[in-house]
Amino acid sequence: MSGLPGAGTSPSLGEASDLKFPLGAKFREPLTEARFQRLFGDAEQAPELLAEPRSSRLCRRWRRLASACSGPGAWRLLRARLPPLRWLPHYRWRAWLLGDAVAGVTVGIVHVPQGMAFALLTSVPPVFGLYTSFFPVLIYTLLGTGRHLSTGTFAVLSLMTGSAVERLVPEPLGGNLSGIEREQLDAQRVGSAAALAFGSGALMLGMFALQLGVLSTFLSEPVVKALTSGAALHVLVSQLPSLLGLPLPRQIGCFSLFKTLAAVLTALPRSSPAELTISALSLALLVPVKELNVRFRDKLPTPIPGEIVMVLLASVLCFTSSLDTRYNVQIVGLLPGGFPQPHLPDLAELPRILADSLPIALVTFAVSASLASIYADKYSYTIDSNQELLAHGISNLISSLFSCFPNSATLATTSLLVDAGGNTQLAGLFSCIVVLSVLLWLGPFFYYLPKAVLACINISSMRQMFFQMQELPQLWRISRMDFAVWMVTWVAVVILSVDLGLAVGVVFSMMTVVCRTQRVQCLALGLAEGTELYRPLEESHKLLKVPGLCILRYPTPLYFGTRGQFRRILEWHLGLGEGRKETPKLDGPPDAVAEPVRVVVLDCSGITFADAAGAREVVQLARRCRDAGIHLLLAQCNASVLGTLTQAGLLDRVTPEQLFVSVQDAAAHALERLVRGQ
């Protein structure tokens, strides 16, 4: 019903008043916002359509906090913060207990070698990986809402933590350290890793206090997957010196991947044949077993524990052949029994590690929340993102007191837990029992375990992350913008570092959102004959338009970044100023606009929010329309947008009778006005 091109023949005003409407349709007076509120709104709502006063919101929040201090309120709060109080009374012991026990034991068996392997990736002794596979799992079982989530050591976090630890506590240039010097260096690195866990946990608790669980949405799926895939390549390259038996210093910072490759190629003639053989045999066992577990997951009663089998075989081979003394093969050595004494990390380190703790906290929460959401959707239950912040924050904070390094949910063990039949968080307790038995009694059996085997376990655990690249063709077909986000993040992670790559990915992802709001198309609407539906004129040539009436839909938020575009588009459609001459074609050739616009209906249903700059732009539009003799009508403004426009002074430029609840009501009022010749 606009004079813009893209519709069929324009009816005259007389014909427009006799349009066919649906059979049995009842005519009513067009509803303005004010009249709608009088008929259907709350009695206490202000007729001026103002937003709720801040004092009312504060009073309501205070009443809610006061109600939590009562007995029932305290119980509700306790049940919200301790999820077992909700799911344990409804636990189906006969149906679920066996599955949780088998899955927990299976995951615990994998935690043992993976924990030691990821500890080396973190640049701390292997036993601290076992601590990190025990305390965080136990705490998440009590506080987490992801029924199928498995927490513990995670390769990406271990890589990020290891890079920070190597920078904070670098190894002396000489490299030839005595036993005491090596112990002192390890103690300092363990303290730095624990400080990183403490800092990231404190940051997540701060985010929980501010209810910032929604921040997980800013780490989109392409960013997270590209981050983990790029980090997997870093893990692979960083483990090459251990695979080849080369005592090379760890490269950190930008371009570390290429620096490591150059150092390995330079030192390749000095590689150890014994450790190279061990690595080749280990990968020859681990990779096929991983593939068998994936291909026959539905037929196997439980996944084959290839890691623990490889650990036992390598330990026996090294012990019987004396590989550590005859061929200088690096072994794990003695694992201290029991637990370390709890103590606070060195708080003086916190200012130095704050810049490293923030990306670690973001990756921890993003990976854990996305994994929990995937399985919650699959098994039809819900998770609380803010409670997940609390769970992982307390998990990292408390475990840091026991010299643990940063931890999160893990891709491999979560998938393993689901495949093994896990049903609830109770599986985590059985996993803790397995790790506890190693810490208390079985530690000496791993004395002769070659470190090259742990490097192979690190590499084989990256399988899922590498295979995420198989999704790229489908992502290209679905959304090329998301494909670009994936590729930019991956390239930044590989070339720069995991931390900087994450920052580049998040910034680029947000920029794509901003750019898409800048490229929207303002749609001119027309009436489908015989209905009350208004559709874009470009969709069909049979849509009706009325000379002098322009109905526009602006389908994007109105804020400081889009106010200029909003002004230019409206100028072009309404013929205000010079905008129509300067702006390129939007909906059709400009010469199709034959009659000047006398009434314009602005459909605000697509404007989800408006800031002060955007609201002032609408007020300015109302003034310019009034000066040009154009009657402006606004339709379908949500409460937030309407409140912002009102505060900006919109009602000084238009009357409440120009604000309508729907496009249909506004268009009906406009037709009446045109028929009367106003």
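Model, not experiment: these values are computed from the prediction.

## Some thoughts on the layout of surface pockets
Part 1 of the argument: Estimates place the volume of the second largest pocket at around 860 Å³.
Part 2 of the argument: If you list the elements that add at least two residues to the lining of the second largest pocket, you get α11 (221-238), α17 (350-378), α19 (411-419) and α22 (463-467).
Part 3 of the argument: Of the residues forming the lining of the second largest pocket, the biggest block, 10 residues, is contributed by α17.
Part 4 of the argument: Split into classes, the residues belonging to the lining of the second largest pocket amount to 12 nonpolar, 10 polar and 8 charged.

## Side note on the UniProt feature "transmembrane region" (unreviewed entry) in the chain
Part 1 of the argument: According to UniProt, the feature "transmembrane region" (unreviewed entry) maps to residues 93-112, 119-143, 190-214, 358-377, 428-449 and 483-511 in the numbering used here.
Part 2 of the argument: With 100% helix and 0% strand, the stretch residues 358-377 has end C-alpha atoms that lie 28 Å from each other.

## Some details on the state of the cysteines
Part 1 of the argument: A full pass over the atoms with the stated rule returns 0 disulfides.
Part 2 of the argument: In this model C625 remains outside any disulfide bridge; the closest cysteine sulfur is found in C550, 9.8 Å from its own.

## As for the pairing of strand β5 (residues 549-553)
Part 1 of the argument: Counting buried residues in β5 gives 4 out of 5 residues, a clear majority hidden from the surface.
Part 2 of the argument: Bridging between strand β3 (residues 523-527) and β5 involves 2 bridges; their strand directions are antiparallel. Along β5, the bridge assignment pairs A524 with L552.
Part 3 of the argument: In this structure, β5 lies alongside strand β6 (residues 599-603), joined through 5 bridges in parallel fashion. When the bridges of β6 are listed, R553 appears paired with D603.

## What to know about the sheet that holds strand β7 (residues 631-635)
Part 1 of the argument: Pairing is mixed in the open sheet, where 6 strands are placed in the order β4-β3-β5-β6-β7-β8. Each edge of the open sheet is held by one strand with a lone partner, namely β4 (534-536) and β8 (659-660).

## Quick notes on the pattern of salt bridges
Part 1 of the argument: According to the stated counting rule, one finds 12 salt bridges in the structure shown.
Part 2 of the argument: Across the pair D356 and R167 runs a salt bridge, and its minimum N-O distance is 2.4 Å. In this pair, D356 sits in helix α17 while R167 sits in helix α9 (residues 155-168), placing the two residues 189 residues apart along the sequence.
Part 3 of the argument: Look at R167 and you get partly exposed, because its relative accessible area is 42%.
Part 4 of the argument: Ionic pairing is found between R623 and D627, a salt bridge with its closest N-O pair at 3.0 Å. Of this pair, R623 and D627 both sit in helix α28 (residues 612-627), separated by 4 residues, roughly a single helical turn.

## Quick look at the packing of α11 against helix α24 (residues 480-495)
Part 1 of the argument: Where α11 contacts α24, the axes come no closer than 8 Å and their chain directions differ by 30°. With respect to α24, the element α11 is oriented roughly parallel. Seen from above, α11 lies across α24 with right-handed handedness. Within the contact between the two elements, α11 uses P222, V223, K225, A226, L227, S229, G230, A231, L233 and H234 and α24 uses D482, V485, W486, T489, W490, V493 and V494.

## Brief notes about the packing of aromatic side chains
Pairs of aromatic rings are described using the distance from one ring centre to the other and the angle between the two planes.
Part 1 of the argument: For the coordinates displayed, the defined rule picks out 14 aromatic pairs.
Part 2 of the argument: Pairwise contacts between aromatic rings join W87, Y91, W93 and W96 into one cluster.

## Brief notes about helix α6 (residues 93-121)
Part 1 of the argument: The first and last C-alpha atoms of α6 sit 39 Å apart over 29 residues, in line with the 42 Å expected at 1.5 Å per residue.
Part 2 of the argument: The axis of α6 is deflected most strongly, by about 30°, at H111, and proline P113 appears within four residues downstream.
Part 3 of the argument: Two residues or fewer after α6 comes S123, characterised by a positive phi angle close to 70°.

## Section: the nonpolar core
Part 1 of the argument: In terms of nonpolar packing, the biggest core is built from 88 residues, with M116, V156, V363, F446, L449 and V498 touching the most fellow members.
Part 2 of the argument: Looking at this core, the element that brings in the most residues is α17, giving 9 residues.
Part 3 of the argument: Residue contacts for M116: discarding those within four places in its chain leaves P126, L130, L335, F446, L449 and L454.
Part 4 of the argument: Ranked by size, the runner-up nonpolar core spans 37 residues in total, among them L570, I607, A615 and L632.

## Quick look at empty space enclosed by the protein
Part 1 of the argument: Per the counting criterion, the structure on display carries 7 cavities of 30 Å³ or more.
Part 2 of the argument: Here the largest cavity is characterised by a volume of approximately 330 Å³.
Part 3 of the argument: Lining the largest cavity are 22 residues, and of these K290, N293, V294, A412 and L416 sit closest to its centre.
Part 4 of the argument: Elements with a contribution of two residues or more to the lining of the largest cavity: α6, α14 (273-295), α15 (306-321), α19 and α22.
Part 5 of the argument: A breakdown of the residues in the lining of the largest cavity according to their chemical character gives 9 nonpolar, 8 polar and 5 charged.
Part 6 of the argument: The computed volume of the second largest cavity comes to approximately 110 Å³.
Part 7 of the argument: Lining the second largest cavity are 16 residues, and of these V137, L149, S150, L417 and G428 sit closest to its centre.
Part 8 of the argument: Mapped onto the lining of the second largest cavity, the elements with two or more residues apiece are α6, α8 (135-143) and α20 (427-442).
Part 9 of the argument: Considered class by class, the residues forming the lining of the second largest cavity number 6 nonpolar, 9 polar and 1 charged.

Reading guide: rules and limits
Think of each chain on its own: its residues are numbered from 1, step by step along the sequence as written. Totals for whole chains, interfaces and linings use every residue, but because this is a predicted model, local features are given only for residues with pLDDT of at least 70 and side-chain atom pairs only at 80 or more, for both listing and counting. Side-chain calculation: all heavy atoms of the structure are included, whereas hydrogens and water are not. With a 1 Å grid laid over protein atoms only, a set of points is called a cavity when a 1.4 Å probe fits there but cannot get out and a pocket when it is open yet has protein on both sides within 12 Å along at least five of seven lines; lining residues have an atom within 4 Å of a point. Grid points are joined across faces, edges and corners, and a volume is the space filled by probe spheres set on the points. Here a strand is any run of E in DSSP of at least two residues, a helix any run of H or I of at least four, and the numbering for each starts at the N terminus. Following the grouping adopted for this structure description, the nonpolar residues are Ala, Val, Leu, Ile, Met, Phe, Trp, Tyr, Cys and Pro, the charged ones are Asp, Glu, Lys and Arg, and the polar ones are all others, Gly among them. UniProt positions are given in the numbering used here, feature names are shortened, and annotations may be inferred rather than shown by experiment. Sulfur atoms of two cysteines make up a disulfide when they are within 2.5 Å. Only protein chains enter the calculation, and the probe is 1.4 Å; a residue is then buried if its accessible area is under 20% of its type maximum, exposed if over 50%, and partly exposed in between. For two strands to count as paired, DSSP must find a minimum of two bridges between them. A side-chain nitrogen of Lys or Arg and a carboxyl oxygen of Asp or Glu constitute a salt bridge if their distance falls within 4 Å. As a rule, the C-alpha atoms of each element are fitted with a line to give its axis, helices using only the stretch in contact, and angles between N-to-C directions run from 0 to 180 degrees. Working definition: roughly parallel below 35 degrees, roughly antiparallel above 145 degrees, roughly perpendicular at 65 to 115 degrees, and oblique for all remaining angles. For any pair of crossing helices, the crossing counts as left-handed if the nearer helix is rotated counterclockwise from the farther one by less than a right angle, and right-handed if it is rotated clockwise. Should any heavy atoms of two residues lie within 4.5 Å, those residues are counted as being in contact. Centre distance within 6.5 Å is the pairing criterion for rings of Phe, Tyr and Trp, where only the six-membered ring of Trp is used; planes under 30 degrees apart are then read as stacked, over 60 as edge-to-face, and the remainder as tilted. For a helix, the expected span equals 1.5 Å multiplied by the residue count minus one. We define the bend at any residue as the angle between the axes fitted to the seven residues before and including it, ending there, and the seven starting there. Buried Ala, Val, Leu, Ile, Met, Phe, Trp, Tyr and Cys residues form a nonpolar core when they are joined through side-chain atoms within 4.5 Å.

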